[in-house]
Structures are given as structure tokens and as C-alpha cells.
Amino acid sequence: MRLPAQKSSTGVSGRLGWLLAVLFASSTVWLFLFPIGQGVKSETSPSPEAAALREKLRSASDGGAISVGHDAAAPATIVLESKGYIIPEQQILVSPQVSGRVIELNFDAGYQVQEGDVLAVLDSTEYRADLDRANGMVAAARARYNELHVGSRPDEIVQARAELDEAETTLEQTERDYLRTKDLRRQNIATVQEYEQAESTFRAQAKRVARLEAALRLMQEGPREEKVLAAMAELQQAEAEVRRSTWRLENTTIRAPISGTILKKNAELGNLVNPIAFNGSFSLCDIADLSKLEVELTIQERDISKVFAGQACKLRAEAFPKRIYEGVVSRLMPIADRAKGAIPVRVRVEMPPGEEGQYLKPEMGAIVQFFSSSRETVANSDLTDQAVSNDPASALTPANVSAVPRRL
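Predicted, not measured: the structure shown is a model, and the values here were computed from it.

Enquirer: Run through the sheet that holds strand β3 (residues 91-94), naming residues and quoting values.
Expert: Strand order in this open sheet of four strands is β3-β10-β8-β5, and the pairing throughout is antiparallel. The strands lining the two open edges of the sheet, one partner per strand, are β3 and β5 (112-113). Relative to strand β10 (residues 285-288), β3 is paired through four bridges, and the arrangement is antiparallel. Within β10, the residue paired with V94 across the bridge is C285.

Structure, rendered in C-alpha cells:
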């Protein structure tokens, strides 16, 4: 005999369990999507969910980064990101003005120097001799000029007058001899030779008297103006040679033109440096102020409309990705690069005090993010508070989440 079939209780209880699980899941979703107090705006602070989301967004975007710029709020949106290279705003190649052998060298790569510090000294033997020679030329030229400018001394005029009187007295005597010889010649007493000798002596003495008269007149009137001007010009030329020799001698001591850091050392002690020669070193060093840095970028022409002068930027060096610096577009270059189809752009780095040369170094690669606002707009507004308000409902909407500023 078979036993009668019994109804299974497991099927009913299984269906009841599944029903309860579905109801629990639905209530959980409903509670998450429609929290208690929805629509009631907090007047003091956002809800814990909104605050947690805001902190999560910031933490995820920062990645543990350290902001070393100003504490101004970040711009709202990133419009462009590009890679460039760090360069100094001003880099100077220090070359000597004169050639010579380096006999003193006071720097090395990495040294920080102040404007006017002595970097090197060249052998000055030749330049010192040139200066002495030029000083002698000045002394001689000044003496000639003073002689002409002052004129003849009174004693010289007296001497010239005495010579003239003596010549006039001799002229009278030679004239009487000439006339006497002339009479004797008529009487055939004096020979022809005696007559000609007396005549030539008389005429020569007359010429000498005329010359002495002219010399005395010139002494009394003074030298010609043209001679005085010529002597003055010679003096000025000699003085110019002194200035040139002095300048060359002074330039044997080479000083730092600006305050900054020595980037490269191009000469050694004993080197022959000459800025225009092919042999030896043509420069001593490269120097730059590392507190004033820029990032040089080439922006493609299709993206250049997104970049403007004064635009706010954030940047980080590839060597130190967690150190974030503020920046601003300082200028767009006036000419494009035809080969690259791009336009060079410079972004000035806002370097914190005391950090020059520590992290950012010339020729390092850097990633720059360009934001939609200018630097002044960012400094005068708090875009983060505008993006995440005190309304929990509005803080969780996709539109406001996308408006939260991105960070490096």
C-alpha cells in the first residue's frame, strides 16, 4: 500500500524568502535615492553625504598633491593641457669684453652670486702698459695746446724785438757798404765781384729784417685759431685713448651682471678667453635668476583660441608630480612655427620664496593645465563654494558635480 502524497512546505517558505529579499532591496534603494529631509536646505553646512562627496572628489583629483602656489581657489574648468619645458625668464651668457688669460676664477656651476660679484680676473699686463702710453700722449698733447692757447711769453717777445733791432742795424751798415761799393765801381776802383758781394749782402739783410718783423708781429698777435683747434683735437684724441685703455683694463675684472645662479661653467683657470676668436673659450659661464621661471610651450593652431594672456594655469614638473605651482600666461609669441603648425606660448611660474633652484630647474619637462578664467578672476572668487552649495540635493546633481574644479 502506498502512503498518501503530502504537500511540501519548502516551496511556500522559499517564495516568501525571495519576496522579503526583494522588498528589503527596494527599501534600501528608496532610502538612498530619497533621504530623509530631502528638500530642506541647511542654513549652516551641507549634509554628511554632500560633504563626503565633495571630499572624495577633491581627494581623488588631488592624488595627494601639494599646492605650493597661492591659496586662491582653482578655476572652474580646464580647457587645455599641454607639455612644455621650464626656462629662465632671463639667461645671460657672461663673456669677457676683452681677451686674456684667466688668472683668477671665483665660481663653479650651481653657485649663487649677487650682481657685481667678481667672477674672474684676466691678465692685465698689456692693458696696463697701453694705459700708461695713452697717459703720456695726453700729457704731450695738453702741453702743445697750452703753449698755443696761452701764446708767447713776454720774454720771448722782448728777445724777438732785440733780434729785429740788431738786424735793422746790420741792414744800415750793409746798405752803406753797398752804396760805397757801387760808387767805387763807377770809378772802376772796385771790381765786379766786390760790387755783387756788397749788393747780395744788403738784399739778404733786408729780407732777414722783414722776416724778423713778421715773427715779432705773430708773437704779438698770438697763434692762428686753426692751430689752436688742431692742438685741441689732438688733446681730445689722446684723452679718448686714455678712456679706451682704462675701459679695457677695468674689463679684465669680470663681474656678475645680475643676481642669480651659475648654470654652466664654460672656462677654467688658465684658459685663454676671447669673445671673437676661434681658439680658446668665448665665454665664462651662463647665469640666470631661477626665481623668475617660465614654461615654454608650443600650442597647436587648432587650440590657440583657448589660450589668452593673463590666463590662470596650474603646472607641475614631471620630476615632482605632487608639487603643484600656480602660473599665468605671460605672453603669446608674435610668430608661429610653420613646421610644427603651432604657436609658442610662455607661462610665468609663481615661484614661492626660497624655492629657487630646488625643485624647478631649467630644461625640465612640465605639464601645464590652462583654465577658462584669468588669474585675476580666480584670485577674487571662490569657485569651489559656487560648485558645491549647502543644498544636499543640488550638490548631488550631475551638473554641479561636473562643475567642481579639476586639479592636477
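Having seen the structure, we can now continue with the description.
Enquirer: Any chance you could break down the packing of aromatic side chains for me, citing the residues and the numbers?
Expert: Under the criterion given, the structure shown has three aromatic pairs. Measuring from centroid to centroid gives 5.5 Å for Y178 and F202, while their planes differ by 5°, and the two rings are stacked. Of this pair, Y178 sits in helix α4 (residues 154-186) while F202 sits in helix α5 (residues 192-221), and the two are 24 residues apart along the sequence. For Y178, a relative accessible area of 10% puts it in the buried group. Three or more aromatic residues joined by ring pairs form one cluster here, namely Y178, Y195 and F202. The residue whose ring lies beneath R323 is Y359, and the NZ or CZ to ring-centre distance is 4.0 Å.

Enquirer: Could you give an account of the nonpolar core, naming the residues involved and the relevant values?
Expert: One finds L119, L284 and I287 to be the most contacted residues of the largest nonpolar core, which totals 29 residues. Non-local contacts of L284, meaning those with residues more than four positions away in its chain, are made with V94, V102, F107, A120, I254, K264, K265, N266, A267 and V273.

How each quantity is defined
Counting restarts for each chain: residues are numbered from 1 in the order of the written sequence. Side-chain atom pairs in this predicted model are given and counted only at pLDDT of 80 or more, local residue features only at pLDDT of at least 70, and totals for whole chains, interfaces and linings cover all residues. Values reported for side chains reflect all heavy atoms of the structure, with hydrogen atoms and water molecules removed beforehand. A pair of strands is treated as paired once DSSP finds two or more bridges between them. Put simply, DSSP H or I for four residues or longer makes a helix, DSSP E for two residues or longer makes a strand, and each gets a number counted from the N terminus. Each Phe, Tyr or Trp ring (for Trp, its six-membered ring) is paired with any other whose centre lies within 6.5 Å, and the angle between the two planes then decides the class: stacked below 30 degrees, edge-to-face above 60, tilted in between. The classification of residues rests on relative accessible area computed with a 1.4 Å probe and restricted to protein chains. Under 20% of the type maximum is buried, over 50% is exposed, and intermediate values are partly exposed. The criterion for a charge sitting over a ring is simple: Lys NZ or Arg CZ within 6 Å of the ring centre, and within 35 degrees of the ring normal. Grouping buried Ala, Val, Leu, Ile, Met, Phe, Trp, Tyr and Cys residues that are joined through side-chain atoms within 4.5 Å yields what is termed a nonpolar core. In what follows, residue pairs with any heavy atoms lying within 4.5 Å of each other are defined as contacts.

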